[in-house]
Amino acid sequence: LELHEAPSGEDAIEHIKQDQPDLMLLDNMMGGISGIEVLQWIDENAPDIQVIMITAYASIETAITATKQGAYDFLPKPFTPAELKVSVRQAAEHLLAIRQTRELEAEKRRVRFQFISVLAHELKAPLGAIEGYLYLLRDGTGMDDPKVYEKVVERSLIRLTGMRKLIYDLLDLTRLESGQKKRELRDTDL
């Protein structure tokens, strides 16, 4: 845990540019630009910072402005150490929740990409086989024998059935994910 202080709003912005903090206690009345102006800069340039706005000149308007500019919390002075501790803890927990959500979203994208890659491969293989069989039929290679012809058609139909099953499974998966279809769990004798 590192703690840094900035005597003015401009110094705070320079510090953020060099080493962005996770959590910031921001006084509204400081040297140079106001805390609200710093908060506006943070909202536009470093929105991931959890900001707890502090001021001795608390008003509903200031609290609303701070909240609209992205402040996580607003503490009017004077406040107790316990109030500060609760506010900092909640902001830290919120930050952790945001990070976990981002990690889960990234994992979801990776899993989806892997799934689509596997699905594409599983659909390409039967298409290639069917394409090869169609070329055989078109060119008439070995099609004088009705058994060979029948085998080529049968193999193509088997491949198409497998592709259709994959597509239905994909549709079921998307319906489950979107909530359009409920999962049905039941015992099965293997």
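Refer to the structure printed above.
Residues numbered from 1 in each chain as written. Predicted model: local features only at pLDDT ≥ 70, side-chain atom pairs only at ≥ 80, totals over all residues. Heavy atoms only, no water.

## Notes on unusual backbone geometry
So the rule is basically this: In this description a helix means any DSSP run of H or I spanning at least four residues, a strand means any run of E spanning at least two, and both kinds are numbered starting from the N terminus.
Cis geometry is found at the peptide bond from Lys-77 to Pro-78, where omega equals -5 degrees. Looking at the secondary structure, you find Pro-78 in the loop between strand E3 (73-76) and helix H4 (81-139).

## What to know about the side chain of Thr-62
For the record, the criterion: Throughout this description, buried means an accessible area under 20% of the type-specific maximum (1.4 Å probe, protein chains only), exposed means over 50%, and partly exposed covers the range between. Two residues qualify as a contact provided that any one of their heavy atoms is within 4.5 Å of a heavy atom in the partner residue.
Tracing the sequence through the fold places Thr-62 in helix H3 (residues 60-68). Given the relative accessible area of 15%, Thr-62 is considered buried. In this structure, Thr-62 is in contact with Asn-28, Ile-36, Tyr-57 and Phe-74, ignoring residues within four places of it in sequence.

## A look at the sheet that holds E3
Note the threshold: Pairs of strands are assigned from DSSP output, requiring at least two bridges between the strands. Lines are fitted to the C-alpha atoms to define the axes, a helix being fitted only along its stretch in contact, and any angle between axes, read from their N-to-C directions, falls within 0 to 180 degrees.
The 3 strands lie next to each other as E1-E2-E3, forming an open sheet whose pairing is parallel. A single partner strand is all that each edge strand has here, and the edge strands are strand E1 (23-27) and E3. On average, each strand axis in the sheet is inclined to that of its neighbour by 20 degrees, with strand direction left out of account. In terms of strand pairing, strand E2 (residues 50-55) meets E3 through 4 bridges, oriented parallel. By the bridge assignment for E3, Thr-55 is matched with Pro-76.

## Let's talk about the packing of H4 against helix H5 (residues 146-178)
Axis angle and axis distance: for two packed helices, these are the angle between their axes and the distance between the axes, and together they describe the pair. Operational definition: Angles below 35 degrees are treated as roughly parallel, those above 145 as roughly antiparallel, those between 65 and 115 as roughly perpendicular, and all remaining angles as oblique. The handedness criterion is simple: a crossing whose near helix is rotated anticlockwise from the far helix by less than a right angle is left-handed, and one whose near helix is rotated clockwise is right-handed. Nonpolar residues are Ala, Val, Leu, Ile, Met, Phe, Trp, Tyr, Cys and Pro. Charged residues are Asp, Glu, Lys and Arg, and all others, Gly as well, are polar.
One way to put it is that H4 packs onto H5 with a least axis distance of 9 Å and a crossing angle of 160 degrees. Taken together, the axes of H4 and H5 lie roughly antiparallel to each other. In this structure, H4 meets H5 at a crossing whose hand is left-handed. Taken together, the residues that form the contact of H4 with H5 break down as 19 nonpolar, 1 polar and 5 charged.

## What to know about H4
Note the cut-off: In a helix, the anticipated span is given by 1.5 Å times the number of residues less one.
Over its 59 residues, H4 runs 86 Å from end to end, which matches the ideal 87 Å to within 8%, given 1.5 Å per residue. Turning to H4, its buried residues number three or more, namely Ser-87, Ala-91, Leu-95, Leu-119, Pro-126, Ala-129, Ile-130 and Tyr-133. Against the buried residues of H4 lie E1, E2, E3 and H5. A positive backbone phi angle near 75 degrees is found at Gly-140, which sits one or two residues after H4.

## Quick look at the pattern of salt bridges
Under the convention used in this document: Salt bridges are defined by distance alone: a side-chain nitrogen of Lys or Arg within 4 Å of a carboxyl oxygen of Asp or Glu.
A full pass over the atoms with the stated rule returns 8 salt bridges. Here Asp-22 ties to Arg-99 by a salt bridge, and the two come within 2.4 Å at their closest N and O atoms. Of the two residues, Asp-22 is situated in the loop between helix H1 (9-18) and E1 and Arg-99 in helix H4; the sequence distance between them amounts to 77 residues. Taking the relative accessible area as the measure of exposure, Asp-22 reaches 39% and is therefore partly exposed. Of the charged contacts in the structure, one is a salt bridge between Arg-138 and Asp-139, with a shortest N-O distance of 3.2 Å. Here Arg-138 falls in the exposed class, since its relative accessible area comes to 60%.

## Remarks on the nonpolar core
How we decide: Put simply, buried Ala, Val, Leu, Ile, Met, Phe, Trp, Tyr and Cys residues joined by side-chain atoms within 4.5 Å make one nonpolar core.
Ranked by internal contacts, the top residues of the largest apolar core, which has 17 residues, are Met-24 and Met-53. Those elements that place two or more of their residues in this core are H1, E1, helix H2 (35-45), E2 and H3. Top contributing element to this core by residue count: H2, with 4 residues. The residues touching Met-24, leaving out its near neighbours within four places in the chain, are Ala-12, Ile-16, Val-38, Ile-42, Ile-49, Gln-50, Val-51 and Ile-52.

## What to know about H5
Test applied: Here a polar contact is recorded for every N or O atom pair within 3.5 Å, except that within protein the pair must consist of a potential hydrogen donor and a potential acceptor, and residues adjacent in sequence are included only if both atoms are side-chain atoms.
Here H5 contains 33 residues, and its C-alpha end-to-end distance of 48 Å stays within 8% of the 48 Å for a straight helix at 1.5 Å per residue. Taken as a whole, H5 has its buried residues at Val-152, Ser-156 and Met-163. Contacts made by the buried residues of H5 are with H4. The backbone nitrogen of Lys-147 has a side-chain oxygen 3.1 Å away, supplied by the residue at the start of H5, namely Asp-145. At the exit of H5 stands Gly-179, carrying a positive phi of roughly 85 degrees.

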